[in-house]
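# Inside the fold
What follows is each chain in one-letter form.
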Amino acid sequence: MTRTSRLVVGAVALLAAAALVWAVAGRSEGEPGPRPSASGTAAPRPDVAGLPRVPWEGGPAYYDRFASTKAAGWTNPAFFPVGVWYESVITQDDVDKDVEAGINTYIELTETSDMALIRKNGLFAVPSKPLKDYGAETVAWLITDEADMWAGPGDDGWTGNFPGEGPLCIPDDPHKERCGYTVMKTLKDRLPKDGRPHYANYGKGVMIYQDDRQAGRFLNDYTDLVSLDVYWYTSYFACLDGQNWLHWSGEERCRRAANYGLLIDRQRKLDALDGKLQPIYAFVEVGRPAAEDRRQIEPDEVKGAVMSSLIHGARGVIYFNHSFGGPCQSQHVLRDACGVTTRPAVIEVNRQIRQLAPVLNTQSVEYGFGPGVDTMLKAHQGAYYLFAMPSAEGRPGAHTFALPGGLSPGQVEVMFENRRLPVDSSGRFTDTFTSENSYHIYRITPS
């Protein structure tokens, strides 16, 4: 079993770990360069409708800072990272299935994977160490997964062990792991000093258990790209923690697409603590991740989780491609029979992402459409794009949208649904969301 596979299994086993008290904040040395400020690469500029833009990391221009991502074409506004977690790429059939599903990036790979095959097909990799024959396809390095969970935030010594291998921190106290910062720094220092960006994924420690200062060090001291996984739709323990720590009322409050957007919000808040921003990627399950989980994610839930993440500002999407629980267990859900229901949903939403990449890669307009819905408004090539779905506190049903002043179309196009909706003289239109994970994307062309 490779180091990362041990880590994946160990992290799953530790999902119910309790929160502890940790150390102070800081910023590490040796980063390729400063990230854009929390106000973006420049001060938020007014939109053509007189509205400001939300702060961001710079979009595709962010990847211009790194020779690897620049050479790979990640600066192209038509490219949007869509990855899969910890796959093996052995045959052309593996690649063909992944490409059909809309995957363009592998986040961690088995040591048996064929890097030349990935490179030949124009795909990309973010492994945790140099793999045989690696080259231009390797655009970034993965530091590690969920060190916030299995090692805890702290500067104590690290034994070098991963979960399941023995004692982790020095001094050894399994109830008070406080060496996560040491783990991150040590593993980052072991990676090649070649200017490639550094990526890490975190878990419930950053999302739930830790305060801002404790969690902030994980996001601000080590990474140029970051993600956070909490599987709200499937995880048994995540819902328990939602009730106990976040004071959510019952499982229904937990199992919502909008909560995946909250993961992005949490990271954006933490990432801005040092005044600099980096791309934040979504992390969505496509099966039943843990042995104790009691349900598998449904197709519409997959799409809703992805869209909620994008609406809240995710700059890429990663799918957790493993099912360790339930009757159909697999490490290749998007390739085999275990993904027979969710794969079509992944294909559909990834096709929408690919078509809308030039829009998604623009800086969002700052404008609210009222309570009950999560929204994102973007402007691209003379048109506006409104992404909308029920919020964490909202409910399905009809919602009326009041457009910003200056926009006066006679109708709006509902993309991917072959519908158009009338806009009244006051600039309002109404649409219906049939479930908590329903979303609509409207194209608005000013008249």
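Up top is the structure these notes are about.
From a predicted model like this one, the values you see are computed outputs, not experimental measurements.

## With respect to the environment of Pro 396
Note on placement: Pro 396 falls in the loop between strand E12 (383-390) and strand E13 (397-402). A relative accessible area of 39% places Pro 396 in the partly exposed class. In this structure, the C-alpha to C-alpha distance between Pro 396 and Phe 433, residues 37 residues apart in sequence, is 5.1 Å.

## Some points on the layout of surface pockets
Empty space within the largest pocket amounts to approximately 550 Å³. Around the largest pocket, the lining comprises 35 residues; the ones closest to its centre are Val 54, Arg 268, His 312, Gly 313 and Ser 364. Mapped by element, the contributors of at least two residues to the lining of the largest pocket are helix H11 (258-271), helix H12 (299-311) and strand E11 (373-380). Ranked by residue count, the leading element in the lining of the largest pocket is E11, at six residues. Residues belonging to the lining of the largest pocket are distributed by class as follows: 18 nonpolar, nine polar and eight charged.

## Some points on the pattern of salt bridges
Considering all chains together, one arrives at 25 salt bridges under this definition. When the shortest N-O distance is used, the salt bridge between Lys 129 and Glu 111 registers 2.6 Å. Here Glu 111 lies in the loop between strand E2 (105-109) and helix H4 (115-120) and Lys 129 lies in the loop between strand E3 (124-126) and strand E4 (141-145), a separation of 18 residues in the sequence. Arg 443 serves as the salt-bridge partner of Glu 413, at 2.9 Å between the closest nitrogen and oxygen. Placement of the pair is Glu 413 in strand E14 (residues 411-414) and Arg 443 in strand E17 (residues 440-444), with a sequence separation of 30 residues. Several salt bridges converge on common partners, so that one network encompasses Glu 87, Asp 94, Asp 98 and Arg 335.

Analysis parameters
- In this numbering scheme, every chain counts its residues from 1 along its sequence in written order.
- With pLDDT at 70 or above as the cut-off, local features in this predicted model cover only qualifying residues; side-chain atom pairs require 80 or more to be listed or tallied, and sums for whole chains, interfaces and linings still use all residues.
- Side-chain calculation: all heavy atoms of the structure are included, whereas hydrogens and water are not.
- The numbering of helices and of strands both runs from the N terminus, where a helix is a DSSP run of H or I of at least 4 residues and a strand a run of E of at least 2.
- Using a 1.4 Å probe on the protein chains alone, a residue whose accessible area is under 20% of its type maximum counts as buried, one over 50% counts as exposed, and one in between counts as partly exposed.
- A pocket, in this scheme, is an open set of points on a 1 Å grid over the protein atoms alone with protein on both sides within 12 Å along at least 5 of 7 lines, while a cavity is a set where a 1.4 Å probe fits but cannot get out; residues line either one if an atom lies within 4 Å of a point.
- Grid points are joined across faces, edges and corners, and a volume is the space filled by probe spheres set on the points.
- Charged means Asp, Glu, Lys or Arg here, nonpolar means Ala, Val, Leu, Ile, Met, Phe, Trp, Tyr, Cys or Pro, and polar covers whatever is left, Gly included.
- We count a salt bridge whenever a side-chain nitrogen from Lys or Arg sits within 4 Å of a carboxyl oxygen from Asp or Glu.

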